[in-house]
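The chain contents come next:
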Amino acid sequence: TRVEAVGLVGNLMQAQAREAVDAARSALGLLRPCETAIEALAPPQSALVQDALALAEETHEAALLHHSWRTYLFGVLFAQHERITYDRSLLFAAAILHDLGLTRGHEPSLCKRCFALSGGERAQRYLDACGHPPEVGRKVGDAIALHLNGWVSRRLHGAEAQLVSRGAFCDLFGVGRRRVAASTLKAVLAAHPRAQVTEALQFETAQHHRGTRPAVMTAMSGRKAPRDPFIDLTT
């Protein structure tokens, strides 16, 4: 709706404002970034993690899978930095599958429905079929469906949903990157390189259903892919 579109724009503006505050705090030495060995960020060896990863590896091309891994890793790092309590298996499942709606052969197509919604529903059906409790599939599906909102309330939707959205926005736009130490960022990018990420996300080529969140976001950008926010770490 028009009200939701205004809310989305407001959320994106708030993200820019938070970035400005982080930049100021960092310049003044008031922001202590999170420095963690990448091995310590690994997901647990749970059935949920294994099932979600199996679907992701089956459906995602390499660049999209790396983006999904980075989304998870950034989410974990934000949780550590802010001491947020969360379920790591749930976060991983939602993060690794959050762009399921962008995978080749996914139905319905982008031009018919928001890929975040259809991807969330598909992930939920898949996890239900794997025998996970209905609440697990619902939480993962909801986190995926919400991840394009720009800001997801932890109180209303849970820590995992917020962290997936923040992880995805960090990887695409660099939002929050100053909260992660440069050494840790380099390790994440080395393990999961960003090559062809904008192509995998179809940022400039996708024909999104009119009025959906991805359509609004791409229209705001003029259908131009964002500048690599980590270029200073990879050149």
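The model shown is predicted, which means the values in this text are computed figures rather than measured ones.

Peer 1: Which parts of the structure should I look at to understand the overall build of the protein?
Peer 2: For the protein, the count of helices and strands is 12 helices and zero strands. Start at the N end of the protein and walk to the C end: the helices and strands fall as α-α-α-α-α-α-α-α-α-α-α-α. Relative to a compact globule of 235 residues, whose C-alpha radius of gyration would be 18 Å, the protein shows 17 Å and is just as compact. Looking at the 235 residues of the protein, the share that counts as buried comes to 50%. A total of about 11400 Å² of accessible surface is found on the protein, and carbon and sulfur atoms cover 54% of it.

Peer 1: How should I be thinking about the layout of surface pockets in this particular structure?
Peer 2: Unfilled space is identified by rolling a water-sized probe across the atoms. The computed volume of the largest pocket comes to approximately 350 Å³. Forming the boundary of the largest pocket are 14 residues, of which Leu12, Gln16, Phe169, Phe173 and Met220 lie nearest the centre. Taken together, the elements giving at least two residues each to the lining of the largest pocket come down to helix H1 (2-27), helix H8 (159-173) and helix H11 (213-220). The greatest single-element share of the lining of the largest pocket, amounting to five residues, is contributed by H1. Here the lining of the largest pocket is composed, by residue class, of 10 nonpolar, two polar and two charged. The computed volume of the second largest pocket comes to approximately 170 Å³. Going through the elements one at a time, H1 and H8 are the ones with two or more residues in the lining of the second largest pocket. Sorting elements by how many residues they give to the lining of the second largest pocket places H1 first, with four residues. Here the lining of the second largest pocket is built from residues that sort into five nonpolar, three polar and five charged.

Peer 1: How should helix H4 (residues 88-96) be read in this particular structure?
Peer 2: Given 3.6 residues per turn, any residue in an α-helix points the same way as the ones three and four places further on. Of all the nine residues making up H4, eight are buried; the element is thus mostly covered by neighbouring parts of the structure. Buried residues of H4: Ser89, Leu90, Leu91, Phe92, Ala93, Ala94, Ala95 and Ile96, and no others. Structurally, H4 contributes buried residues whose contacts are with helix H2 (47-59), helix H3 (62-82), helix H6 (134-146) and H8. Where H4 begins, one side-chain oxygen reaches toward the backbone nitrogen of Ser89, 3.0 Å away; that side chain belongs to Asp87.

Peer 1: Would you mind showing me how to read the packing of H3 against H8 here?
Peer 2: If you want to describe how two helices pack, look at the angle between their axes and the distance between the axes. Put simply, H3 and H8 touch, their axes get as near as 7 Å, and they point 115° apart. Viewed along their axes, H3 and H8 form a crossing whose handedness is right-handed. Listed contacts from H8 to His67, Arg70, Thr71, Phe74, Gly75, Phe78, Ala79 and Glu82 of H3 are Leu163, Val164, Arg166, Gly167, Ala168, Cys170 and Asp171.

Peer 1: I tried to follow unusual backbone geometry on my own but got confused; where do I start?
Peer 2: Among all residues save glycine, negative phi is the norm, and among peptide bonds the norm is trans. In this structure, Pro108 follows Glu107 across a cis peptide bond, with omega equal to 0°. When you line up the elements, Pro108 lands in the loop between H4 and helix H5 (115-129). At Arg83, a position not held by glycine, the phi torsion is positive, near 55°. Following the sequence through the fold, Arg83 ends up in the loop between H3 and H4. For Arg83, a relative accessible area of 78% gives the class exposed. Non-glycine residue Gln196 carries a positive phi angle of around 65°. With respect to the element layout, Gln196 can be found in the loop between helix H9 (182-191) and helix H10 (197-200).

Peer 1: What is the right way to read the packing of H4 against H8 from this model?
Peer 2: Two elements in contact, H4 and H8, have axes separated by 9 Å at closest approach and are oriented at 40°. Between H4 and H8, the angle falls in the class oblique. Once H4 is placed against H8, the crossing between them reads as right-handed. Along its contact with H4, which presents Leu90, Leu91, Ala94 and Ala95, the element H8 presents Glu160, Leu163 and Val164. Among the residues making up the contact of H4 with H8, the classes are represented as six nonpolar, no polar and one charged.

The rules we used
Residues numbered from 1 in each chain as written. Predicted model: local features only at pLDDT ≥ 70, side-chain atom pairs only at ≥ 80, totals over all residues. Heavy atoms only, no water. Helix = DSSP H or I, 4+ residues; strand = E, 2+ residues; numbered from the N terminus. Rg over C-alpha atoms; globule rule 2.2 N^0.38 Å. Buried < 20%, exposed > 50% of the residue type's maximum accessible area, 1.4 Å probe, protein only. Areas by Shrake-Rupley, 256 points an atom, 1.4 Å probe, with all protein chains shown as cover. 1 Å grid on protein atoms, 1.4 Å probe; cavity = no way out; pocket = protein on both sides within 12 Å on 5 of 7 lines; lining within 4 Å. Points joined across faces, edges and corners; volume = space filled by probe spheres on them. Nonpolar A, V, L, I, M, F, W, Y, C, P; charged D, E, K, R; others polar. Contact = heavy atoms within 4.5 Å. Polar contact = N/O pair within 3.5 Å; in protein donor to acceptor, adjacent residues only side chain to side chain. Axes fitted to C-alpha atoms, helices over the stretch in contact; angles between N-to-C directions. Left-handed = near helix turned anticlockwise from the far one by under 90°. Parallel < 35°, antiparallel > 145°, perpendicular 65-115°, else oblique.

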